[in-house]
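Listed here are the chains, written in short residue letters.
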Amino acid sequence: MKKVCIALVLLLAGQTLRAQTDTSSADALMSSLTAEDKPEDVIASFKATRLIFSQTTETVKKHNLNFLVTHRFGDIAGSEGGGSTLFGLDNSSDIFIGFEYGLTDNLDLQFGRSKYEQLIEAGFKYAVLHQKADGSMPFSLALAGKMGLKPYSVNTDVFDDYTNRINYMAQAIIARKFSSKLSVLVSPTFVRNNLPFPFIDGNEKDYIAISAAARYKITKRFGLVVDYAHPFSSFRNNSTNPKFYDPLGVGIEVETGGHVFTLNFSNSKAISEMNFLSDTQSSWDKGQYRLGFTISRMFDLGPKHNKNKKQSNY
Amino acid sequence: MKHLLILLALTSSLLGQQAPPALYVSKNAAITLYSDAPMEDIEGNSTDGKSVYNASTGELAFNVAIRSFKFQKSLMQEHFNENYMESDKYPQASFKGKITEKPDVTVNGSYPVTATGVLEAHGVKQQRTIKGKINVNNGKLTMTSEFMVKCADHKIEIPKLVFQKIAETLKITVTANYTAYNKNPTK
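Residues numbered from 1 in each chain as written. Chains lettered and ligands numbered in written order. Predicted model: local features only at pLDDT ≥ 70, side-chain atom pairs only at ≥ 80, totals over all residues. Heavy atoms only, no water.

As recorded in an unreviewed UniProt entry, chain B goes by the name YceI family protein, listed as coming from Mucilaginibacter defluvii.

Under an unreviewed UniProt entry, chain A has the name DUF5777 family beta-barrel protein and belongs to Mucilaginibacter defluvii.

Structure (structure tokens):
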């Protein structure tokens, strides 16, 4: 009898419990429905595909074309700077014009040309992993690869063998958006110069470098960026003539609709990884830093779905 | 004593099932937002809205993940999420309220309805009265509604830098197909 009583009480309790959890309230049903949603990718870890020097984990989305103009002026101070060159504005250390086209949402092709050593480069970036909003994937990973060619001779005979003009760069970009304000990236990079520049004995053909960069958003469309790179190259770390320095850039980033502007100061003269990692000989200490900027403009080349033909500014 | 207990158990379980709440569920409600801006029309679509409707009480709940809205241009979608809706902070938009008319869902027909409740988007709750229509077709319900949302009401800022690319008022269109919710599905 006692057993039956207990069993019945349990039965009753179970019944009420079930009624509470699985059905009656629309609220409970709603939360069970929304719980089915999959974790979303974290988006917009960075505004643009590049920070100051670094590639970010952002890729150009399918059918979009990113047009980049990057400029580095001359030394602001030091022997080449000062008022006579309007603090470097009269000179240009490097000018890069580039295009990035999205083949898929995760894969883009890149093409660009630098003034610095007339480097022409072609490459790709592939977004392998996406950080997830629920933390199931704590970071994003993208791979970038590039091949560069210096088509014009820098010196009379160094480029006799045409393969000497070719350089390579391979990079893994690991980024994490810590909050809606702060994103950080770290990029191990492998660089190969078939004929390493500057043309000095002991200069390595191959070396590894690491980049670290961060963005901190002050407002929704305005942020601070800092970008740093260090080549692990015994030649670059030990040579005294010429002496090499680690590239360091600081700047601001402004987004206005389809444009992203970056305004920065850096000691690096060159814009392409193959150049600035290999050959940054200017130092912040000596006033050899310069104003630079990047304008990134995104065009959507996808099929038009807009029924009303209004002029698109996106 | 034993019989009494069994009787008690039986009645209580019967009572529990006696008045099953007439719950209707939609798992893929289509929600469209449309901005007729001077420069460019912007349209976002989600087919991922969730809704629960209690036909006996008139209770109505809607929920949609902001990230589920798809736009023609990926940049629009990113700006929508990152700058306007801040979907990492406010991942959902929702409506919770009641339908005043409570139409008889056992009779086929088209019923104009009015829902009163709280619309929450971008973390801001607004008391709203929204008109819509319920179509009943052999136990299947379709709810449609079209209403306007002012960005300013939900503290969605439109910066001057973007040159009025989005309108200050968005048109929201909702179409939800409901099926009766079977609380103890037979397996």
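Anyway, onward from the coordinates.
**Here's the deal with the overall build of chain B**
A tally of helices and strands in chain B yields two helices and nine strands. What you see in chain B, going N to C, is helices and strands ordered as α-β-β-β-β-α-β-β-β-β-β. Residues counted as buried form 47% of the 187 residues belonging to chain B. Nonlocal contacts in chain B, meaning residues at least 24 apart in sequence, comprise 59% of its contacts between residues at least 6 apart. Surface exposure of chain B reaches about 9700 Å², of which carbon and sulfur atoms provide 57%. (Helix = DSSP H or I, 4+ residues; strand = E, 2+ residues; numbered from the N terminus. Buried < 20%, exposed > 50% of the residue type's maximum accessible area, 1.4 Å probe, protein only. Contact = heavy atoms within 4.5 Å. Areas by Shrake-Rupley, 256 points an atom, 1.4 Å probe, with all protein chains shown as cover.)

**Overview of helix 2 (residues 26-34) of chain A**
Buried within helix 2 of chain A we find Ala26(A), Leu29(A), Met30(A), Leu33(A) and Thr34(A). Buried residues of helix 2 of chain A, seen end-on, are gathered within an arc of 130 degrees and therefore sit on one face of the element. (Arc of directions from axis to C-beta.)

**Regarding the side chain of Ser266(A)**
All names here are of chain A. By secondary structure assignment, the location of serine 266 is in strand 11 (residues 259-266). Exposure remark for serine 266: the relative accessible area of 0% places this residue in the buried category. A polar atom in the side chain of serine 266 sits 3.2 Å from the backbone oxygen of serine 268. Serine 266 has contacts with Phe53, Arg72, Leu248, Gly249, Trp284, Gln288, Tyr289 and Arg290, leaving out every residue within four places of it along the chain. (Polar contact = N/O pair within 3.5 Å; in protein donor to acceptor, adjacent residues only side chain to side chain.)

**As for the pairing of strand 8 (residues 140-150) of chain B**
Residue and element names in this part refer to chain B. Here strand 8 shows one buried face, formed by Leu141, Met143, Ser145, Phe147 and Val149, and one open face, formed by Lys140, Thr142, Thr144, Glu146, Met148 and Lys150. For strand 7 (residues 124-137) and strand 8, the ladder comprises six bridges, and the chain directions are antiparallel. From the neighbouring strand, glycine 132 faces strand 8, where its bridge partner is serine 145. Following strand 7, the chain reverses through two residues before pairing antiparallel with strand 8; asparagine 138 in that reversal takes a positive phi of roughly 50 degrees. As defined by bridge partners, strand 8 adjoins strand 9 (residues 169-180) across 10 bridges and the pair is classed as antiparallel. Bridge pairing in strand 9 places threonine 142 opposite asparagine 177. (Pairing = 2+ DSSP bridges.)

**Some words on the nonpolar core**
Core analysis: the largest hydrophobic core is formed by 40 residues, its most contacted members being Tyr53(B), Leu60(B), Phe62(B) and Tyr178(B). Residues in contact with Phe62(B), not counting those within four places in the same chain, are Met30(A), Ala29(B), Lys50(B), Ser51(B), Ala93(B), Ser94(B), Phe95(B), Met143(B), Val174(B), Ala176(B) and Tyr178(B). (Core = buried A, V, L, I, M, F, W, Y, C linked by side-chain atoms within 4.5 Å.)

**Notes on the packing of aromatic side chains**
Two numbers describe a pair of aromatic rings. These are the distance of the centres and the angle of the planes. By the definition in use, this model includes eight aromatic pairs over all chains. Among the aromatic residues, those joined into a cluster by ring pairs are Phe69(B), Phe71(B) and Phe80(B). One cation-aromatic arrangement involves Lys243(A) over Tyr245(A); the distance from NZ or CZ to the ring centre is 5.6 Å. (Phe/Tyr/Trp six-rings, centres within 6.5 Å; stacked < 30°, edge-to-face > 60°. Lys NZ or Arg CZ within 6 Å of the ring centre and 35° of its normal.)

**A few points about unusual backbone geometry**
Backbone torsion omega between Asn241(A) and Pro242(A) reads 0 degrees, so that peptide bond is classified as cis. The residue Pro242(A) is located in the loop between helix 3 (234-238) and strand 10 (248-256) in this model. Of note, the phi angle at His63(A) is positive, near 65 degrees, even though the residue is not glycine. Its place among the elements puts His63(A) in the loop between helix 2 and strand 1 (64-73). With phi around 45 degrees, Lys102(B) is a residue other than glycine that occupies positive phi space.

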